[in-house]
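Topology and contacts: notes
Residues per chain are reported as follows:
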Amino acid sequence: MSTSGHGNGANGSLAGQGLQLVPFRGLRYVPDRVGSLSAVTSPPYDVVVRPDGLRHLETADPHNIVRLILPQAATAADRHRQAAETLRRWQEEHVLAADPEPALYVYEQRGDGILQRGLIGALRLTPREEGVVLPHEDVMPHIIEDRAALMRDTGANLEPLLFSYRGNGDGAEGAAAVIERVIRTEPLLSTTTEDGYAHRLWSITDPRDLALVDKDLSHQHALIADGHHRWATYLRLRAEQPAPGPWDFGLVLLVDTARYPLRVRAIHRLLHRLPVAEALDRLGDAFRVRTIDGPLQNALDALADAASGPGNAFVLAGDGRFHLLDRPDPELLARTVPTDRPQAWRELDATVLHSALLEHVWRVPDGPEYIGYIHETAAAVQQAELHGGTAVLMHPVHEDVVRELAEQGVTMPRKSTSFGPKPATGLVLRSLALN
């Protein structure tokens, strides 16, 4: 990997030194070769609601990035080969082109009352025991297998992971000062996606700026805000490859949350094979149940009120109505929730949902054919109503709880949080053949 004169190159990293974010030659869409930049972008692969959202993105532009991150074919092997062929063809046709020199990228998102800025680069991969990168959620092996096969075949990091760290907050020096200076220059690209968010991207190539960023980040550690499966995939692929090399690094967006706090939202569960009536019937006295009149916002307001008090709360939907579950039976929790973790972990809604309700009360097997994970609330309700399943609507966890558990080395149940706004996929890719 080239570091463009960067002080700590790929061969100069020291274990435990902190974050090391190095420049890379970004692979980006050539504006003249696509309908528009907004038409070729996508949410991260696990946020796209299939099949409707997938179909919408595929038809937005023949070169939409979803054809790389979620290729469609009869078998997994065919899907991954198809993505690799598509990526190769788009480069040959100059739909995608590499920037002339390695850079870090300043990325800005603005919309829905949020302004977020961060740095996109290739982050040195570190094992969990170094404490440089802190995961906070468990992962699912089948997703890692799929993402690993896709990355192997394409030889690329197709979308940046979202990481957060806590800077000093004043913006007077280090990475923050570099970002504030760079955003006053002309961006490489500017586009607004259909969700109303405006996106801008700048490059940092000056060796002095890169050195300032490097020195600042070398004292930091990061929380994985979004991308646990892809981070685990990075680590798996690095173990397969000879070192040192480009597989020692992975594409991430680093956001200083002292300056740009992230928004934390819940990820809802879709129980494909459990109708709402059966879910309610099996509950017995496990939770108090109240029916909430629509619309959806009324149910979410009731959930927020219940979540502000003691105990756990959920909303079940899928039968045209909303059912608020709260005040769990203490004996059920004592019997089903593991006691070998901190109190904050035992009280998480996701812990109680999976340990008490899914495993013991509803006996829903832990597999993708039984449980889906949907970020968008209305989409979760719609899918449940469409297919006769149950949407379990969750209330978000506070970021401080997430960070506290991560710093203790305790992982939350998978898909416990959704940090955002998430970076748009398709604005900058990393080809390992170029870096």
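Residues numbered from 1 in each chain as written. Predicted model: local features only at pLDDT ≥ 70, side-chain atom pairs only at ≥ 80, totals over all residues. Heavy atoms only, no water.

**Some remarks on the sheet that holds strand S21 (residues 429–431)**
Strand order across the open sheet formed by four strands is S3-S2-S21-S7, with antiparallel pairing between neighbours. Only two strands of the sheet have a single neighbouring strand rather than two, namely strand S3 (96–98) and strand S7 (156–157). Of the strand pairs in this sheet, strand S2 (residues 26–29) and S21 are connected by two bridges, and their pairing is antiparallel. Within S21, the residue paired with Leu-27 across the bridge is Leu-429. (Pairing = 2+ DSSP bridges. Helix = DSSP H or I, 4+ residues; strand = E, 2+ residues; numbered from the N terminus.)

**As for the nonpolar core**
Phe-163 and Trp-362 are the most contacted members of the largest nonpolar core, which has 113 residues in total. With seven residues, helix H13 (residues 349–361) is the single largest residue contributor to this core. Not counting the four nearest positions on each side in its chain, Phe-163 is found in contact with Leu-123, Val-133, Ala-222, Leu-223, Ile-224, Ala-225, Trp-231, Val-252, Leu-253, Leu-254 and Val-255. Core analysis: the next-biggest nonpolar cluster, separate from the first, contains 18 residues, Leu-270, Ala-302, Ile-374 and Leu-393 among them. (Core = buried A, V, L, I, M, F, W, Y, C linked by side-chain atoms within 4.5 Å. Buried < 20%, exposed > 50% of the residue type's maximum accessible area, 1.4 Å probe, protein only. Contact = heavy atoms within 4.5 Å.)

**A look at the environment of Ala-306**
Tracing the backbone shows Ala-306 in helix H10 (residues 296–307). Setting aside anything within four residues of it in sequence, one finds Ala-306 in contact with Ala-313, Leu-324 and Asp-326.

**A closer look at the packing of helix H4 (residues 76–92) against helix H5 (residues 141–154)**
Packing of H4 against H5 leaves a shortest axis separation of 8 Å and a crossing angle of 35°. The two elements H4 and H5 meet at a crossing, and its hand is right-handed. Across the interface between the two elements, Arg-79, His-80, Arg-81, Ala-83, Ala-84 and Leu-87 of H4 pack against Asp-146, Ala-149, Leu-150, Asp-153 and Thr-154 of H5. Split into classes, the residues belonging to the contact of H4 with H5 amount to five nonpolar, two polar and four charged. (Axes fitted to C-alpha atoms, helices over the stretch in contact; angles between N-to-C directions. Left-handed = near helix turned anticlockwise from the far one by under 90°. Nonpolar A, V, L, I, M, F, W, Y, C, P; charged D, E, K, R; others polar.)

**Some points on the packing of aromatic side chains**
Tallied over the entire structure, the rule returns five aromatic pairs. Centre to centre, the rings of Tyr-29 and Trp-90 are 6.3 Å apart; their planes meet at 50°, and the pair counts as tilted. Taken together, the positions of Tyr-29 in strand S2 and Trp-90 in helix H4 put the pair 61 residues apart, joining distant regions of the chain. No difference in accessibility class separates Tyr-29 from Trp-90, as the two residues are buried. Grouping aromatic residues by their ring pairs yields a cluster made of Phe-163, Trp-231 and Tyr-234. The ring of Tyr-45 has Arg-147 lying over it, and the distance from NZ or CZ to the ring centre is 4.1 Å. Over the ring of Tyr-370 we find Arg-273; its NZ or CZ atom is 4.6 Å from the centre of that ring. (Phe/Tyr/Trp six-rings, centres within 6.5 Å; stacked < 30°, edge-to-face > 60°. Lys NZ or Arg CZ within 6 Å of the ring centre and 35° of its normal.)

**Details of unusual backbone geometry**
The omega torsion across Gly-294 and Pro-295 is 10°, close enough to zero to call that bond cis. Topologically, Pro-295 is positioned in the loop between strand S15 (288–292) and H10. A cis amide bond links Gly-420 to the next residue, Pro-421, at an omega of 5°. Summarising the element assignment, Pro-421 is placed in the loop between strand S20 (418–420) and S21. For Arg-327, which is not glycine, the phi dihedral falls at a positive 50°. Residue position: Arg-327 is located in the loop between strand S17 (322–326) and helix H11 (330–336).

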